[in-house]
Amino acid sequence: FSPQQRYELYRLLALVMHLGNIKLKPVSDSEEDGSVVAVPDDLELCAQLLQVEPQQLQDTLCFRTVGGGAIASTTKPLTPMQGAAVRNSLCMHVYVLAFGW
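Residues numbered from 1 in each chain as written. Predicted model: local features only at pLDDT ≥ 70, side-chain atom pairs only at ≥ 80, totals over all residues. Heavy atoms only, no water.

1. Let's talk about the packing of aromatic side chains
Any pair of aromatic rings gets described here by the distance separating the centres and the angle formed by the planes. Stated formally: Any two of the Phe, Tyr and Trp rings considered here, Trp counted by its six-membered ring, make a pair once their centres fall within 6.5 Å; the pair's planes then place it as stacked at under 30 degrees, edge-to-face at over 60, or tilted in between. Secondary structure elements are taken from DSSP: a helix is a run of H or I of four residues or more, a strand is a run of E of two residues or more, and numbering for both begins at the N terminus. Remark: exposure states derive from per-residue accessible area (1.4 Å probe, protein chains only) relative to the maximum for the residue type, with buried under 20%, exposed over 50%, and partly exposed in between.
The tally for this structure, following the rule as stated, stands at 1 aromatic pair. With a centroid separation of 5.0 Å and an interplanar angle of 55 degrees, the aromatic rings of Tyr95 and Phe99 are classed as tilted. In this pair, Tyr95 and Phe99 both sit in helix α4 (residues 80-99), 4 residues apart, roughly one turn of the helix. The class for Tyr95 is partly exposed, based on a relative accessible area of 44%.

In structure tokens form, the structure reads like this:
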């Protein structure tokens, strides 16, 4: 592997480990209102490793898109438990991609 390829692999592995550290908390007393990232610094580090804006990553972890296609789509908030499932799925997917090339 070239130095660049090793760097990219280490960056992806760091992303997986840091994504696993992201904790979500309810927006309000009712979990049905959605969730937000509990520690913004963790979100910013992961977004930097993933090379996206922090808000994009938070939206991915805290909302799901419903509908789509030719009509319209809407977003629905996820509970902290649902957001954790999305986070875990993203971690697993990145890990598989890192070793599947």
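2. Looking at unusual backbone geometry
Even without being glycine, Gln51 reaches a positive phi, approximately 60 degrees. If you trace the backbone, Gln51 turns up in the loop between α2 (40-50) and α3 (54-62). According to the relative accessible area criterion, Gln51 is exposed, its value standing at 61%.

3. Quick look at the packing of helix α1 (residues 3-21) against α2
For clarity, the threshold we go by: Inter-axis angles, ranging from 0 to 180 degrees, are taken between N-to-C directions of lines fitted to C-alpha atoms, where helices are fitted over the stretch in contact. Roughly parallel here means an angle under 35 degrees, roughly antiparallel means over 145, roughly perpendicular means 65 to 115, and every remaining angle is called oblique. Left-handed describes a crossing in which the near helix is turned anticlockwise from the far one by less than a right angle; the clockwise case is right-handed. Contact between two residues is taken to exist if any of their heavy atoms lie within 4.5 Å; hydrogens are not considered. Residue polarity is assigned by list, with Asp, Glu, Lys and Arg as charged and Ala, Val, Leu, Ile, Met, Phe, Trp, Tyr, Cys and Pro as nonpolar; anything else, Gly included, falls into the polar class.
Viewed as axis vectors pointing N to C, α1 and α2 meet at an angle of 155 degrees, and their least axial separation amounts to 9 Å. The angle between α1 and α2 places the two elements in the roughly antiparallel class. Handedness of the α1/α2 crossing: left-handed. Each of Arg11, Ala14, Leu15, His18, Leu19 and Asn21 in α1 lies in contact with α2, whose residues at this interface are Asp42, Leu45, Cys46, Leu49 and Leu50. Looking at side-chain class alone, the contact of α1 with α2 contains 7 nonpolar, 2 polar and 2 charged residues.

4. Overview of α3
The line we're drawing: The directions considered for the arc run from the helix axis to the C-beta atoms.
Listing the buried residues of α3 in full gives Leu57, Gln58, Leu61 and Cys62. The arc that holds every buried residue of α3, seen down its axis, measures 120 degrees, which confines them to one face.

5. Section: the nonpolar core
Selection rule: Among buried residues, those of type Ala, Val, Leu, Ile, Met, Phe, Trp, Tyr and Cys that are joined through side-chain atoms within 4.5 Å constitute a nonpolar core.
With 16 residues, the main nonpolar core has Leu15, Leu19, Ile22, Cys46 and Leu57 as its most contacted residues. Mapped by element, the contributors of at least two residues to this core are α1, α2, α3 and α4. Here Leu19 is in contact with Cys46, Leu57, Arg87, Leu90 and Cys91, once residues within four sequence places are set aside.

6. Let's talk about the packing of α3 against α4
For any two helices packed against each other, one specifies the crossing angle of their axes together with the interaxial distance. Closest axis-to-axis distance for the α3/α4 pair is 7 Å, and the angle between their directions is 115 degrees. Across the interface between the two elements, Leu57, Thr60 and Leu61 of α3 pack against Gly83, Val86, Arg87 and Leu90 of α4. Among the residues forming the contact of α3 with α4, the class breakdown is 4 nonpolar, 2 polar and 1 charged.

7. Focus on the state of the cysteines
So the rule is basically this: We call a pair of cysteine sulfur atoms a disulfide when they lie within 2.5 Å.
Counted under the stated rule, the structure contains 0 disulfides. The thiol of Cys46 is unpaired, and the distance to the nearest cysteine sulfur, on Cys91, comes to 7.8 Å. Given a relative accessible area of 10%, Cys91 falls into the buried group.

By themselves, these figures tell us nothing about what the structure is for.
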